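# Structure assessment
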Amino acid sequence: MTSILKNRLFWPAAILVVLLVVNAFTSNQFLTVHDGHLFGSLIDILRGSSALILVALGMTLVIATGGIDLSVGAVMAISGAVACLLIQDLPNQNAVGSVLGIIAIAIGVSLVMGLWNGTLVAIIGVQPIIATLILMVAGRGIAQLITDGQIINVQSGPYATIATGFFLGLPVAFLIAAAAVALILLLTRRTALGLLLESVGGSPTASRLAGIGARRITIMVYVVAGGFAGLAGLIYSANIKSADSISAGNLIELDAILAVVIGGTALIGGRFSIAGTVIGAILIQTLSVTVVAIGIPPEANLLFKAVVVVALCLSQSPDFRAKVFGRFKTREVVAA
């Protein structure tokens, strides 16, 4: 039991279970089956957390190398804008082949945005927070230029499927996120890539002296983060069937960083946890849904969320637990 309590994933998982139990009692339909598909607040949580899982997944890899990416929200906006602009010009918006080609183009643009960030950081030597801040600001403007400052609406069934569709009874968006998680787990835990990421994040200089291509790895993680952010942008725009360059991905970088930290990945780089990031992302989405379910006023939502997050971070801190529980133990000894 002591070893379980010391595990950094115990407290996020425990709070996630508590929030899900609260939803089960406060929601009219927590998990039901209708027309062969799963429905209910649990499915809404999984679908709603899909974009955040993808963004946080890329953020985890970037942070593992000692970097940060503040531009993921802007990349989401660019990806959605490119996709909707091209789909709008299709003679038949329900042509599956054409829509898939456009999705590939949008993800390709997102990869280029990630390559830009990686080049600034690894080749030119710009600080990650500054390099990605440039695209965070400029990228939002690029998205607005693509859409001409307007909201582009599309009526494409195949495109909407990636956000609202179901496959094998589960949301397609969540299955996309799950496939991305499985791929990253396979690459980082079944190959040497995970160790290389941790070595670069732990000490870039030492890793270079050891013959590790630190610059190539750094560029790679930013490219992957850009690709995942672009995919998340497609899910977001497909969900609302439009490209909103102002609201798409707005402040999602903060939730992504929070999910990574909740999952036990240190912001200074080095060791990381993919499973922890997924738990953190789902926890954040569950918290947002729970706030609405229990009837907390909208103006207090952010405050309630902040209180829960602070409590969670403190519970994860070994030093904080040692000080709190150490005092209780001291009092018990004195009383005895």
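That block above? That's the structure.
Okay, so let's go over this structure.

What counts, and at which threshold
- Residues numbered from 1 in each chain as written.
- Predicted model: local features only at pLDDT ≥ 70, side-chain atom pairs only at ≥ 80, totals over all residues.
- Heavy atoms only, no water.
- Helix = DSSP H or I, 4+ residues; strand = E, 2+ residues; numbered from the N terminus.
- Rg over C-alpha atoms; globule rule 2.2 N^0.38 Å.
- Buried < 20%, exposed > 50% of the residue type's maximum accessible area, 1.4 Å probe, protein only.
- Contact = heavy atoms within 4.5 Å.
- Areas by Shrake-Rupley, 256 points an atom, 1.4 Å probe, with all protein chains shown as cover.
- Expected span 1.5 Å × (residues − 1).
- Axes fitted to C-alpha atoms, helices over the stretch in contact; angles between N-to-C directions.
- Parallel < 35°, antiparallel > 145°, perpendicular 65-115°, else oblique.
- Left-handed = near helix turned anticlockwise from the far one by under 90°.
- Nonpolar A, V, L, I, M, F, W, Y, C, P; charged D, E, K, R; others polar.
- Core = buried A, V, L, I, M, F, W, Y, C linked by side-chain atoms within 4.5 Å.
- Phe/Tyr/Trp six-rings, centres within 6.5 Å; stacked < 30°, edge-to-face > 60°.
- Lys NZ or Arg CZ within 6 Å of the ring centre and 35° of its normal.
- Salt bridge = Lys/Arg side-chain N within 4 Å of Asp/Glu carboxyl O.
- Patch = residues over 30% accessible without salt bridge, like charges linked within 9 Å, V, L, I, M, F, W, Y side chains within 5 Å.

### Description of the overall build of the protein chain
- Helix and strand content of the protein chain: 15 helices and six strands.
- In summary, the protein chain has a C-alpha radius of gyration of 21 Å against a globular reference of 20 Å for 336 residues, a match within 12%.
- Overall, the C-alpha framework of the protein chain stretches about 80 × 60 × 40 Å when taken along its three principal axes.
- Buried positions account for 46% of the 336 residues belonging to the protein chain.
- By sequence separation, contacts in the protein chain at least 24 residues apart represent 75% of the contacts at least 6 residues apart.
- Counting only carbon and sulfur atoms, one obtains 68% of the accessible surface of the protein chain, whose full area is about 16,100 Å².

### Considering helix α4 (residues 72–88)
- Taking 1.5 Å as the rise per residue, α4 with 17 residues should run 24 Å; its terminal C-alpha atoms sit 24 Å apart, in good agreement.
- The buried count for α4 comes to 14 of 17 residues, which makes it a mostly enclosed element.

### A short note on the packing of helix α12 (residues 252–262) against helix α13 (residues 274–293)
- Two numbers describe how α12 lies on α13: the axes approach to 7 Å, and their chain directions differ by 125°. On the basis of the axis angle, α12 is oblique to α13. The two elements α12 and α13 meet at a crossing, and its hand is right-handed. Within the contact between the two elements, α12 uses Asp255, Leu258, Ala259, Val260 and Ile262 and α13 uses Gly276, Thr277, Gly280, Ala281 and Ile284.
- Tallied by class, residues from the contact of α12 with α13 come to six nonpolar, three polar and one charged.

### Section: the nonpolar core
- Core analysis: the largest hydrophobic core is formed by 88 residues, its most contacted members being Ile53, Leu54, Met59, Tyr159 and Leu234.
- With 15 residues, helix α3 (residues 41–64) is the single largest residue contributor to this core.
- If we skip the residues at most four places from it in the chain, isoleucine 53 touches Phe174, Ala177, Val181, Val278, Ala281 and Ile282.

### What about the packing of aromatic side chains?
- All told, the structure shown has one aromatic pair when counted by the stated rule.
- Summarising the aromatic geometry, the rings of phenylalanine 39 and phenylalanine 166 are spaced 5.2 Å apart at their centres and angled 45° between planes, so their arrangement reads as tilted. You can see phenylalanine 39 sitting in strand β2 (residues 37–39) and its partner phenylalanine 166 sitting in strand β4 (residues 166–167), a full 127 residues away along the chain.
- A cation sits over an aromatic face here: arginine 189 above phenylalanine 272, 4.4 Å from the ring centre.

### Quick look at unusual backbone geometry
- Of note, the phi angle at aspartate 148 is positive, near 60°, even though the residue is not glycine.
- Considering the arrangement of structural elements, one finds aspartate 148 in the loop between α6 (128–146) and β3 (152–153).
- Residues other than glycine seldom take positive phi values, yet leucine 251 does so here, at roughly 65°.
- Of note, leucine 251 is situated in the loop between β6 (242–243) and α12.

### Description of the pattern of salt bridges
- Applying the stated criterion to the full structure yields two salt bridges.
- The salt bridge involving aspartate 44 is made with arginine 47; its shortest N-O contact spans 3.2 Å. Highlighted residues: aspartate 44 and arginine 47, both in helix α3, separated by three residues, approximately one helical turn.
- Judged by its relative accessible area of 22%, arginine 47 falls in the partly exposed class.
- A salt bridge links arginine 189 to glutamate 198; the nearest nitrogen and oxygen atoms lie 3.7 Å apart.

### Here we look at a nonpolar patch on the surface
- A contiguous nonpolar surface patch, about 560 Å² in accessible area, is contributed by Trp116, Ile129, Ile130, Leu133, Ile134 and Val137.
- For the nonpolar patch, the leading source of residues is α6, giving five residues.
- Here isoleucine 134 lies in helix α6.
- The partly exposed category is assigned to isoleucine 134, whose relative accessible area is 42%.

### Overview of the environment of isoleucine 217
- Tracing the backbone shows isoleucine 217 in helix α11 (residues 214–240).
- You can call isoleucine 217 buried: its relative accessible area is 8%.
- Separated by 17 residues in the primary sequence, isoleucine 217 and valine 200 have C-alpha atoms spaced 8.0 Å apart.

### Focus: the environment of glycine 249
- By the secondary structure assignment, glycine 249 is in the loop between β6 and α12.
- Since its relative accessible area comes to 5%, glycine 249 is described here as buried.
- Measuring from C-alpha to C-alpha, the distance between glycine 249 and leucine 209 comes to 38 Å, with 40 residues separating the pair along the chain.
- Apart from residues lying up to four places away in sequence, glycine 249 is in contact with Gly73, Met76 and Arg140.

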